[in-house]
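Now for the letters of each chain:
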Amino acid sequence: MSIRSLSAATDEELVAAIREGDRLALGELYNRYYKKVFNKCFSFTKKQEEAFDLAQEALMKAFDNIHSFKGESSFSTWLYTITHRHCLATLKKNGRFQFHSLEANSYRDDDQPDGTPAAEETSDRAEQELIMYSLINALPDKERHLLKLKYLQGESVESLQTQLNISGSAVKMRLKRSREKLNMLYALALTYGLEQVLGRIELFTAG
Amino acid sequence: MSITKTLLYPFSVESQYFDSYAWACELALRMKAKLKLFTTSPAPSSTQPIYHSLLEAHGYYLQHYPHRGVKSNDVQKEPCIASGELETALVSHLKNNPVDIVIIDPELSATLAQGLSVIVKESGGVIVLPSIKGKPSAPPSADKFYDDLRRARLYKLPSNFFFTLGKDHSAFNYLRKFFQKNRF
């Protein structure tokens, strides 16, 4: 593929060229996405060095397994799904992310190669989890902490009552408000986009 | 029991360092060594362009050093972003964190000229890569890695350096030519 046609080629055309051994096509496709992958990883970690590690691992996973891209979704969806799953798997492995309500129907991270059709099918779910995870992280400390204690660590209301030194009804009320706030943010993110909501998070989380 | 070697590659995002970055990655891959990517940043908050640049550099590596059956992610990399002036920070880092080999980009070699003797002293060995004129338009030949090594300036390399590289069986034929040329 010539350099001129590279920039005009669709992602899928580049994938086809890569499969035929075209290294220029690989460079073009990689350059289209590496920053976006980094930014996606950063939305998980909030730390640039960790985002860098995750991004390069996710990119390698994708490009080393590009032969398994079936074209049943767009390349970008496929790549972001791999990125998302890799971020989640790493954070879970490091004990930094686990949210029971999102775990119930979770796909298996390790026993199915990335890039399979199953990975493509999970893209919607992956996107939802990404939104939810980003929003939880954006909540004020108290609310984030409370939700994690209750839903990540499985603390009982009685235990929270003791830990926080407040009444049982106050615990329940705080939990209810935190859940409601999260639900509202989630709806806003689905409507206006995650970045828009995160950019104005103070407006929604004040008070 | 094998002990993982540590290579250190100082770079500046201000320079065109992708070729030497790719070479350093290739060396780390062949030696199964850990590669520390060292640079400086004016402020801790301004590191994002460095990470972006490193990711772009890795894309260049993938494009220009195709491997068969080797996952490019096998290169263990660790970014080290210090503050201050590069040469001073590098020497300070080496004093506190010994490494086996430092790989120096040709463009950076002028910047580090004054400190080169100190860098050699504080490390297990130094490879100053040769200048590469113009960006290669096509993937390099299988011999490019060794061509660059042959033209590099080598200082105090560990005695087992070539032995380690020699474990890379795919390079056997070229190594034979390399040793013949240099009449070791």
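Residues numbered from 1 in each chain as written. Chains lettered and ligands numbered in written order. Predicted model: local features only at pLDDT ≥ 70, side-chain atom pairs only at ≥ 80, totals over all residues. Heavy atoms only, no water.

### Section: the overall build of chain A
Under the convention used in this document: Going along the chain from the N terminus, every DSSP run of H or I of four or more residues is numbered as a helix, and every run of E of two or more is numbered as a strand. Type-normalised accessible area, obtained with a 1.4 Å probe on protein chains alone, sets the label of each residue: buried when under 20%, exposed when over 50%, and partly exposed for intermediate values. The criterion used for residue contact is that any of the two residues' heavy atoms lie within 4.5 Å. Where accessible areas are quoted, they stem from the Shrake-Rupley method and a 1.4 Å probe; at the residue level, only the protein chains shown are allowed to cover.
Scanning chain A from N- to C-terminus turns up 13 helices and 0 strands. Along its sequence from the N terminus, chain A presents helices and strands in the succession α-α-α-α-α-α-α-α-α-α-α-α-α. Relative to its 207 residues, chain A shows a buried fraction of 46%. Taking contacts inside chain A between residues at least 6 apart in sequence as the whole, the part at least 24 apart equals 58%. Accessible surface, chain A as shown: approximately 10,600 Å² in total, 49% of it carbon and sulfur.

### Quick word on helix 1 (residues 18–31) of chain B
The condition that has to hold: Here the expected length of a helix is defined as 1.5 Å per residue gap, with one fewer gap than residues.
Over its 14 residues, helix 1 of chain B runs 20 Å from end to end, which matches the ideal 20 Å to within 8%, given 1.5 Å per residue. Two residues or fewer past helix 1 of chain B, Lys32(B) is found with a positive phi of approximately 50°.

### Some words on helix 9 (residues 141–152) of chain A
Residues and elements named next belong to chain A. Let me state the cut-off plainly: It is the directions from the helix axis to the C-beta atoms that the arc portrays.
What helix 9 keeps buried is the set Glu143, Leu146, Leu147 and Leu149. For helix 9, the buried positions fall inside an angular range of 160° around the axis, keeping them on one side. Positive phi shows up at Gly154, right after helix 9, with a value of about 70°.

### Remarks on the confidence of the model for chain B
The condition that has to hold: pLDDT is a per-residue confidence score from the predictor, ranging from 0 to 100.
In this model, chain B carries a mean pLDDT of 81, and residues with pLDDT of at least 70 account for 78%. With pLDDT under 50 throughout, residues 170–184 of chain B is counted as low confidence; its partners more than four residues away or in other chains account for 17 contacts.

### With respect to the sheet that holds strand 3 (residues 76–83) of chain B
All names here are of chain B. Which entries qualify depends on this criterion: Here, any two strands with at least 2 DSSP bridges between them count as paired. Where helices are involved, their axes are fitted lines through C-alpha atoms of the stretch in contact, as for all axes, and angles between N-to-C directions lie from 0 to 180°.
Pairing in this open sheet of 6 strands is mixed, and the strands run 3-2-1-4-5-6 from one edge to the other. Each edge of the open sheet is held by one strand with a lone partner, namely strand 3 and strand 6 (153–155). Strand-to-strand twist across the sheet, computed as the mean angle between neighbouring axes with direction ignored, equals 20°. Examined bridge by bridge, strand 5 (residues 126–128) and strand 6 share 3 bridges and lie antiparallel to one another. Bridge assignment links Val126 to a residue of strand 6, and that residue is Tyr155.

### Considerations on the side chain of Ser53(B)
Of note, Ser53(B) is situated in helix 2 (residues 48–64). Dropping the residues within four chain positions of it, Ser53(B) is found in contact with Val13(B), Tyr17(B) and Phe18(B).

### Side note on the interface of chain B and chain A
In plain terms, the rule: Here the quantity called buried area is the total loss of accessible area, with a 1.4 Å probe, experienced by two parts when brought into contact, counted for both. Each salt bridge in this description consists of a side-chain nitrogen of Lys or Arg and a carboxyl oxygen of Asp or Glu lying within 4 Å of one another. Throughout this description, a polar contact denotes any pair of N or O atoms lying within 3.5 Å of each other; where both atoms belong to protein, one of them has to be capable of donating a hydrogen while the other can accept it, and for residues adjacent in sequence the pair is counted only when both atoms sit in side chains.
Listed per partner, the contact involves 19 residues of chain B and 21 residues of chain A. Note on chain B versus chain A: buried area summed over both sides is about 2,000 Å², and carbon and sulfur give 60% of it. The three residues of chain B that bury the most area against chain A are Tyr51(B), Leu55(B) and Gln63(B), which together make up 32% of that side's buried surface. On the surface where chain B and chain A come into contact, there are 0 salt bridges. Where chain B packs against chain A, one counts 7 residue pairs in polar contact (both at pLDDT 80 or more). The element contributing the most residues to the side of chain B that touches chain A is helix 2 of chain B, with 10 residues.

### Comments concerning the environment of Leu165(B)
For Leu165(B), the location among the structural elements is in helix 7 (residues 161–166). In the structure, Leu165(B) is positioned 135 residues away from Arg30(B) in sequence and 6.3 Å away in space, judged by C-alpha atoms.

### A few points about the environment of Lys61(A)
All names here are of chain A. Summarising the element assignment, Lys61 is placed in helix 4 (residues 48–64). Among the residues examined, Lys61 registers a relative accessible area of 31% and is labelled partly exposed. With 22 residues separating them in the primary sequence, Lys61 and Thr83 have C-alpha atoms 8.7 Å apart.

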